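As a plain string of letters, each chain reads:
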Amino acid sequence: MTVINPSTTTHTLNIVPRYYSDSALVVSLYNEATSVTTTPTNTYNITNGKLNITFTFTFVENDRHQVKITEGTNVVYRGKTITTSQEPQDYSLTNGLYIYS
């Protein structure tokens, strides 16, 4: 789970991919509330074994997205994000629900 701050439009995900790609990657953001998939343009590099992928997107407070990064038909990474301007340590994941504590 990655916490995204909605106050900026440029975001970087630092992830460990399933494998390291040597060609163009596509980032797909699926909004779980609206069921809309967006594909922002991105740039990426690999530093110390982590894939750092940067893209521009305007997130809305409290939105949740499924992130899928692909290379052609191969999935490089799958994950989820939650958008909040609050500190990340205030959230916990319990039984599939996001709870503010």
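This text goes with the structure placed above it.
Definitions and cut-offs
For every chain, the first residue of its written sequence is number 1, and the numbers climb from 1 along that sequence. For a predicted model such as this one, the threshold for reporting local features is a pLDDT of at least 70, and the threshold for listing and counting side-chain atom pairs is 80 or more; totals across whole chains, interfaces and linings nevertheless cover every residue. Only hydrogens and water are set aside; all other atoms, that is, all heavy atoms of the structure, feed into the side-chain values. Ring pairs shown here join Phe, Tyr and Trp side chains whose ring centres sit within 6.5 Å, with only the six-membered ring taken for Trp; geometry is labelled stacked below 30 degrees between planes, edge-to-face above 60, and tilted in between. Categorising residues by exposure relies on relative accessible area from a 1.4 Å probe, with only protein chains included: less than 20% of the type maximum marks a residue as buried, more than 50% marks it as exposed, and the intermediate range marks it as partly exposed. Note on pairing: DSSP must find at least two bridges between two strands before they are called paired. Only DSSP runs of H or I covering at least 4 residues are called helices, and only runs of E covering at least 2 are called strands; the numbering of each starts at the N terminus. Each axis is a line fitted through C-alpha atoms, taken for helices only over the stretch in contact, and angles between the N-to-C directions span 0 to 180 degrees. For this document, the term salt bridge refers to a Lys or Arg side-chain nitrogen within 4 Å of an Asp or Glu carboxyl oxygen.

Student: What am I meant to see in the packing of aromatic side chains here?
Tutor: Given two aromatic rings, their pairing is described by the distance between the two centres and the angle made by the two planes. Applying the stated criterion across every chain yields a total of two aromatic pairs. Between F55 and F59 the ring centres are 6.4 Å apart and the planes differ by 65 degrees, which places this aromatic pair in the edge-to-face class. Residue classification places F55 among the buried positions, given a relative accessible area of 2%. Judged by centre distance (4.7 Å) and plane angle (70 degrees), the ring pair of F57 and F59 falls under edge-to-face. Summarising the burial analysis for this pair, F57 and F59 share the class buried. Three or more aromatic residues joined by ring pairs form one cluster here, namely F55, F57 and F59.

Student: Just to check I follow, could you spell out the sheet that holds strand β5 (residues 42-47) for this structure?
Tutor: Pairing is antiparallel across the open sheet formed by three strands, whose spatial order is β2-β6-β5. Edge strands, defined here as strands with exactly one partner in the open sheet, are β2 (10-15) and β5. Averaged over neighbouring strand pairs, the angle between their axes works out to 20 degrees when direction is ignored.

Student: Just checking my understanding: could you explain the pattern of salt bridges for this structure?
Tutor: Oppositely charged side chains may form a pair once their charged atoms are brought near each other. On inspection of all chains with the given rule, the structure shows one salt bridge. Residue K80 is joined to E32 by a salt bridge in which the shortest nitrogen-to-oxygen separation is 3.1 Å. A residue pair is termed long-range when its members are at least 10 positions apart, and K80 in strand β8 (residues 74-83) and E32 in the loop between β3 (26-31) and β4 (37-38) qualify at 48 residues. With relative accessibility at 35%, the residue K80 sits in the partly exposed group.

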